[in-house]
Every structure is written in C-alpha cells, then in structure tokens.
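What follows is each chain in one-letter form.
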Amino acid sequence: MDLIRCTSCFQHSPTLIAPTFRHQTTRKPNLTTISNNHGTVSTTRMVVKARGGGAAEAETALVDKPKVLKRFQVSEGHPAPFGATIQDCGVNFAIYSANSTSATLCLIALSDLQQNRATEQIPLDPLANKTGDVWHVFLKGNFKDMLYGYIFDGEFSPEIGHYYDSSRILLDPYAKAVISRGEFGALGPEDNCWPQMAGMVPTSEYQFDWEGDLPLRHPDRDLIIYEMHVRGYTKHESSGTKFPGTYCGVVEKLDHLKELGVNCIELMPCQEFNELEYYSYNSVLGDYKLNFWGYSTINYFSPMIRYSSSGIRSCGRDAINEFKYLVKEAHKRGIEVIMDVVFNHTAEGNEKGLSLSFRGVDNCVYYMLAPKGEYYNYSGCGNTFNCNHPVVRQFILDCLRYWVTEMHVDGFRFDLASIMTRSSSLWDSVNVYGDPLEGDLITTGTPLSNPPLIDMMSNDPVLHGVKLIAEAWDAGGLYQVGRFPHWGVWSEWNGKYRDIVRQFIKGTDGLSGAFAECLCGSPNLYQEGGGKPWNSVNFICAHDGFTLADLVTYNNKHNLANGEDNNDGESHNYSWNCGHEGEFASISVKKLRKRQMRNFFLCLMVSQGVPMIHMGDEYGHTKGGNNNTYCHDNYINYFRWDKKEESSSDLFRFFHLMTKFRRECESLGLNDFPTAERLQWHGHTPGKPDWSDTSRFVAFTLIDSVKGEIYVAFNTSHLPVTITLPERPGYRWEPLVDTSKPAPFDFLSNEVPER
C-alpha cells in the first residue's frame, strides 16, 4: 500500500487450620478447635468441626461494649464505609452479608499466616455489631504486620444458594491488599497452591508522594493504546532491568513506549489473582502451567502483590506504592494507564470450586444463580458475577472509584463487558426500581437496554472523564459490538474491525466496502446510535489470538504446548502464511510477510477511531503459532528486548514513524465521522471507486490542515495496478510510504539518503 501527501498549505495462642488445596484438588481441611485465651468479659458456646471429623465445644468471646482484648480495644463500629478503614486512631471494619447468622473478625499476624493460625478472633454481636445487613466493629490497638479475614456461619444449602462454612477464613471483598505468597509462581507451605489468604489492616504511616500528579485527560480521539502484560514486559533476561517482571521493571522501560509513540498503556489484569490456579507439569516444554494472563480475579481492590519487587513486605503496602509509582512515572511521560478488569466472574469457580471470599460471604448475592442454586455461566469460567444486583453494582462502582482516586488510573477496559448488561438473579422491578412494573417478565441473565450498572458508571461524578472501554461480548453469545449501551462515554473493542481488516488485507474478495467503513471509524456500527469514531478501539491483534508476526506466518493454530491436543483457542483466525507454514521460509516469503505486517499497521494508523497495539508486535514477536498462550510463564509470552534491538532499523522504525505521522495529522483523529468535504474515494482513476465483490483496491484522499492533502491506496491483489493521482494544480504529490520497499525506503523520513 502507499501513502502520499500533497504539499499544499493546508495545514492484602488461638489456632485455626485453614483449608488446604493442592493444585486443582480440594481436600477436607484439618481443623483444630477455635479458642481464645485472651481476657474477656463474657463468653458463649459454639460447636465447630474438629480434627478427625468429630465435633468439639469451644469457648469463644462475645463482644461487649467496651471490651479489652490483650492487644485491642473493641467497640461497635460503623456500617460505613465497607472494608477496613482508618478512623479516630483505630480501624473500622464493615462487611455486607445479608444471609449469614454469625460473623467473626479474625486478626492474623503475618508470622501466623504461614502457620494457618488466627492470632485473634472477635465474634460479632448481631445486636451491637450489625446494622441492617452490615456487620461492623471498631478496634484500637497496634496493627503492625497485622492482617484480617472473616468467618461467617449460616445455612449450607447449595440448592438455595448458600455456602456458609464456619471452618473458612474468608477475604473481605473490600480488602486493599491480599497477602499469601510473596513470590510469583512459588508454591505455598507443603506445596500448597491455595494457601490461606488475608487482607491488610491499614495503618496511617505508609504514605505516597504523588508529587502533584494529576490526570492527563487525553481526548479519546488522540489515544494510541499499547496492550501490555506487566510481568511479560520485562521478565526476559534481555530486558536488563533491576526488577524484571514487576511494576518497577515496567517503569525502567517506559521510555521505549514513549519512543514508540504511544500515549496510553492498557495493563492486562493487575488485580489480585492466583497464578498457580492451573499449576501442572507441562511435559511439552518441561515447565509448569500457570495462570499467566490473570483473568481470574480473587480480589478487585488489591493490586497483584507478586507483580511488585517488594512482594508481601509491609503487608502489601509497599506493593501498593509500587503500583502508584508506575502510574506516576507513566504520567510524567505523557502516558495514561488503563486497567483491564474482570467483573464477569471470579476465581471461585462453580459449585465444585473454592470458597475464598464472595461465595462464603454471601453467595446468592454476588453470583448469578438459577432457581435451584446452579451457577449461570455466561463467562465460560464456571460462575457469573451478579453485576446488576444493587449491592454488587455498588461494589463495582466503589472499586472503580478507588482505583481512580487512590491509584490515579485513567480508565478501564472491561473483559466480557456484555455480562454487565445482563439482569441479576434477583431481578424484578421492585428490587431495582422500588416499584412494580406491569408486565415485568425479565428473567435472570436477560440483556437490558438500560442496565443499572452501566448507567451508574456512565453518570458517576467521580468517574467523569475516565476512559471506559467494553469488550462488548460474552461467552453466552451476547455480541454487542456497535450496540453496547454507551451513554456517550463508552468505547468498544471493535472485533468487527479486526476481522474485516484481516480478511481484506490478505486478499479476500467482497470486502472493499466494509474495509472502507473501517477506515472511517465504522460509522455503520456507531453513527446511528449517536456514537463517534473514538467509540471504536481498532486493533489487528491482542493478547488473545495470533501476534502480528504469526498472523502472516501461520494458516493454522499450533497450540500443542498448552497440553490440550490443539483443541483450545480460536480456529478461525483469518490469517495467511504468505505461502509457507512456519518461520523457516524463503527470503521472498519473509519479505512478503514483512510487507503484510507493515500493511496491517499502516491501516491501523490511518483509520479513524482509537488504534491499539499489542505488546511485541512492534518488533515482530512470535509465539510459534500459539494463539492461546494463557498458561505460559516463559519466553512465549515475554517481550524479547534482544529481538527489538535487531529490528530497530526495520519494523520498529516503521512503527515509530507511523505513530509519529498519525499524531502530527489533524485529520487522523477526528471527533466525528469524515464527510465528503474532507474525504474522497478513488479507484484506479480519481473519483471512481470500485465497490464490486471482486475489488481489492481501496484509495482515498483526506484533507489535513497540517499535512495538506493525504492520498492513501491499498492494493491487496497479487497483481500490481497502475493508478492515476488526483490533479491538484499548483501542487505536487510527494511519496511518503511504500510498504513494498525495504527499509528505510518503506517510509521516506528526512534522514533517508537519496530521499
């Protein structure tokens, strides 16, 4: 393809053994009697499961007002805000659980966590420590190196959605840091993949100096997004970073992104997840499968602790500050930070899964359940978050506000966002609106035209101006690209753009008109509903699927390394190997592949809408044809800095110059769809476009107030064509980009000799 400009002047004692899980197998927990030998005022009797499966009576303490434990002064506390909050020289604990019959706050010293012991247990009095459906308590004392969790008791009746188990210490959904293991990929005690987890008790002495950091507020239309995996970005030895695979490691390499020309990074999941979730030996590669991507959240408020160089030091406070450091340093370079968040399901899975937090706190509130307690599975991962339940949607909103106000992130990309538009388990008009509506027959999971959660997020005053990007589909078949409720503020991953562009550029007939729509920001999808070009986040490749290099190297997926007999991953990739399957090919085939990669990227850069680049595509990263690398913590997913240097005079140069050109052009980031006054379509001759089914040629001119007039032509036929440029009396056309040429003549920048 060619691009030509016209040079005119337009310009997280008592003993309780926590449940043990090894790998994917759930075992019955070994439990000792829960007791408390710290001086108390009054006691009550409580039966718990004991070691060997029998029952034992245990003395536990009721909370009186006031009561003094060995280390803490206890009083009623307040029902708001949720979570553990510093108040009046103490900490207030508040948690919602409507269906539990009793609640106990467990305090766990960091030294006791590894031994699965609760250091202090404080049973809560339902008369003094409960308001409505909220359990609460206020403590004063020394919380240094102290963690917390909850024990809830109640009915264990899966058929009606209750999974209460008084043997489990559960995470508070509002915990701000989750502590278990400190090193990524390292097993817990006795090779435990799921050791006890607990939340950090906040203290006031850990502050962070933001140095006056403020939101950058880049207009959506000006964004160039870079999808990045925090660990994968610097884990390879060639990164040369002091703290590889961490938030600090990313900071060390932010200048690469600035050089590339991006002004926004989209971080793959950085909320607490368990990378050992899929832990098993991989005989193909001789290593172990991990949950590398992180799309299986345990806690939504805690940053992924094992992505920090400090690990569990200071009970996670240092990790929180390290994430903040990444955001601050990105902002200093003019780069916004967007988080990829997974509010469609959690790591607890289906009825055979774990009770870590939400399930044991109030299962029938947090998950979308069928009438007999079965889990709806619109996520494809065993459970579905009950997003439009009033309590859950407030939880999600509180979470987003936290990341914006406390962590200074600039926006969010919502994984399987269509689930957030489905009706909740308890959906009825009284539940949602307060009054019955005649003919209200909406059932669980029904897509809603005005989903309350999306409404709340879209109109929230704290989130005003924050980037909101939807992956507008789910695993239940709800595909909403172009139709996601947007309130004028949401963008979407445009999966249709990806599919059409892939097909047209590899030479598929019948797509010239659809391709032209993509170049214009997909007005066929967004204009009728009041959308703008920036509602479309355009991408050719993302974490899920082929890399750009593999897109032009493989016709078929090669996922044997995943250990699933090549049955996983998408089979329809719209890829073309340019005549030979695999990396080892003739010189001519390799030249064609590089040309095709440049073709794809040029298309991305000259399309209206928001372009997104996948990490590693700028140097041609290959995953060997594996299009589903979710389980690989190895070179397959690591950014190869050595390879980037090898391509710096070739592909990376082209990427850098094209992003620079886009930023300089006023016309390539329009706030509205281009009209005939600015854009004209051409064929082999000016003004005569060919939209026939056999056409593989699309060309257009675009008036630009900075560059003058730009002529762009795509010829995806295997045959060359002769074209006539539009006449512009008094001006001459200058060649700028020709993807058929080798570097540096593919982009004729000023430093090119013999320009």
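Report follows, based on the coordinates. From a predicted model like this one, the values you see are computed outputs, not experimental measurements.

1. Quick word on the packing of aromatic side chains
Where two aromatic rings form a pair, the distance of their centres and the angle of their planes describe that pair. As enumerated under the stated definition, the model contains 54 aromatic pairs in all. Centre to centre, the rings of Tyr-148 and Tyr-150 are 6.0 Å apart; their planes meet at 85 degrees, and the pair counts as edge-to-face. Like Tyr-150, Tyr-148 is buried. The positively charged end of Lys-176 is found above the aromatic ring belonging to Tyr-402, 5.5 Å away from the centroid. When the ring centre of Tyr-163 is taken as origin, the NZ or CZ atom of Arg-359, which lies over that ring, is 5.5 Å away.

2. What about the pattern of salt bridges?
Inspection of the entire model under this criterion finds 35 salt bridges. One salt bridge connects Arg-168 with Asp-165, and the closest N-O pair in it is separated by 3.5 Å. Judged by its relative accessible area of 22%, Asp-165 is partly exposed. One salt bridge in this structure joins Lys-328 and Glu-211, with 2.9 Å as the shortest N-O distance. Here Glu-211 lies in the loop between β18 (198-200) and β19 (225-228) and Lys-328 lies in helix α5 (residues 317-332), a separation of 117 residues in the sequence. For Lys-328, a relative accessible area of 8% puts it in the buried group. In this structure, a network of salt bridges that share partners links the residues Glu-211, Asp-255, Lys-328, Glu-329, Lys-332 and Arg-333.

3. Overview of the sheet that holds strand β23 (residues 336-341)
What the eight strands build is a closed barrel, ordered β19-β20-β23-β24-β25-β26-β27-β28; its pairing is parallel. Averaged over all pairs of adjacent strands, the angle between their axes in this sheet comes to 25 degrees, without regard to strand direction. Inspection of the sheet shows strand β26 (residues 490-493) paired to strand β27 (residues 536-539) by two bridges, in the parallel sense. By the bridge assignment for β27, Glu-492 is matched with Ser-536. Here helix α14 (residues 587-606) sits on the sheet and contacts β27 and β28 (610-614); the angle it forms with β28, its principal contact strand, is near 145 degrees.

4. A word on unusual backbone geometry
In this structure, Pro-81 follows Ala-80 across a cis peptide bond, with omega equal to -5 degrees. Take Pro-81: it is sitting in the loop between β7 (72-75) and β8 (83-87). For Cys-315, which is not glycine, the phi dihedral falls at a positive 55 degrees. Relative to the assigned elements, Cys-315 resides in the loop between β22 (287-289) and α5.

5. Remarks on the layout of surface pockets
Size it by volume and the second largest pocket reaches roughly 880 Å³. In terms of lining, the second largest pocket is formed by 29 residues, of which the most central are Ala-549, Glu-583, Gly-620, His-621 and Thr-622. Elements that contribute at least two residues to the lining of the second largest pocket include exactly α13 (548-551), α14 and α15 (641-646). Within the lining of the second largest pocket, the residues separate by chemical class into eleven nonpolar, nine polar and nine charged.

6. Observations regarding the side chain of Asn-637
Locating Asn-637 in the fold gives a position in the loop between β28 and α15. Here the side chain of Asn-637 touches Lys-623 through a polar contact of 3.4 Å, side chain to side chain. At 2.7 Å, the side chain of Asn-637 and the side chain of Thr-629 are in polar contact. With sequence-adjacent residues up to four places away left out, Asn-637 is seen in contact with Gly-232, Phe-292, Trp-293, Met-615, Lys-623, Thr-629 and His-632.

7. Regarding the packing of α14 against helix α16 (residues 651-664)
Packing of α14 against α16 leaves a shortest axis separation of 10 Å and a crossing angle of 15 degrees. In terms of their interaxial angle, α14 and α16 are classed as roughly parallel. When you trace α14 past α16, the crossing you get is right-handed. Contact with α14, carried on its side by Met-597, Arg-598, Phe-601, Leu-602, Leu-604, Met-605 and Val-606, involves Leu-651, Phe-654, Phe-655, Met-658, Thr-659 and Arg-662 of α16 and no other residues of that element.

8. Focus: the environment of Leu-525
Residue placement: Leu-525 occurs in helix α12 (residues 523-526). Leu-525 gets classed as buried once you look at its relative accessible area, which sits at 17%. When the C-alpha positions of Leu-525 and Asn-535 are compared, they lie 9.6 Å apart, and in sequence the two are ten residues distant. When sequence neighbours within four positions are dropped, the list of residues in contact with Leu-525 reads Val-481, Gly-482, Asn-494 and Lys-496.

Criteria and thresholds
Residues numbered from 1 in each chain as written. Predicted model: local features only at pLDDT ≥ 70, side-chain atom pairs only at ≥ 80, totals over all residues. Heavy atoms only, no water. Phe/Tyr/Trp six-rings, centres within 6.5 Å; stacked < 30°, edge-to-face > 60°. Buried < 20%, exposed > 50% of the residue type's maximum accessible area, 1.4 Å probe, protein only. Lys NZ or Arg CZ within 6 Å of the ring centre and 35° of its normal. Salt bridge = Lys/Arg side-chain N within 4 Å of Asp/Glu carboxyl O. Helix = DSSP H or I, 4+ residues; strand = E, 2+ residues; numbered from the N terminus. Pairing = 2+ DSSP bridges. Axes fitted to C-alpha atoms, helices over the stretch in contact; angles between N-to-C directions. Contact = heavy atoms within 4.5 Å. 1 Å grid on protein atoms, 1.4 Å probe; cavity = no way out; pocket = protein on both sides within 12 Å on 5 of 7 lines; lining within 4 Å. Points joined across faces, edges and corners; volume = space filled by probe spheres on them. Nonpolar A, V, L, I, M, F, W, Y, C, P; charged D, E, K, R; others polar. Polar contact = N/O pair within 3.5 Å; in protein donor to acceptor, adjacent residues only side chain to side chain. Parallel < 35°, antiparallel > 145°, perpendicular 65-115°, else oblique. Left-handed = near helix turned anticlockwise from the far one by under 90°.

Read these as geometric descriptors, not functional statements.
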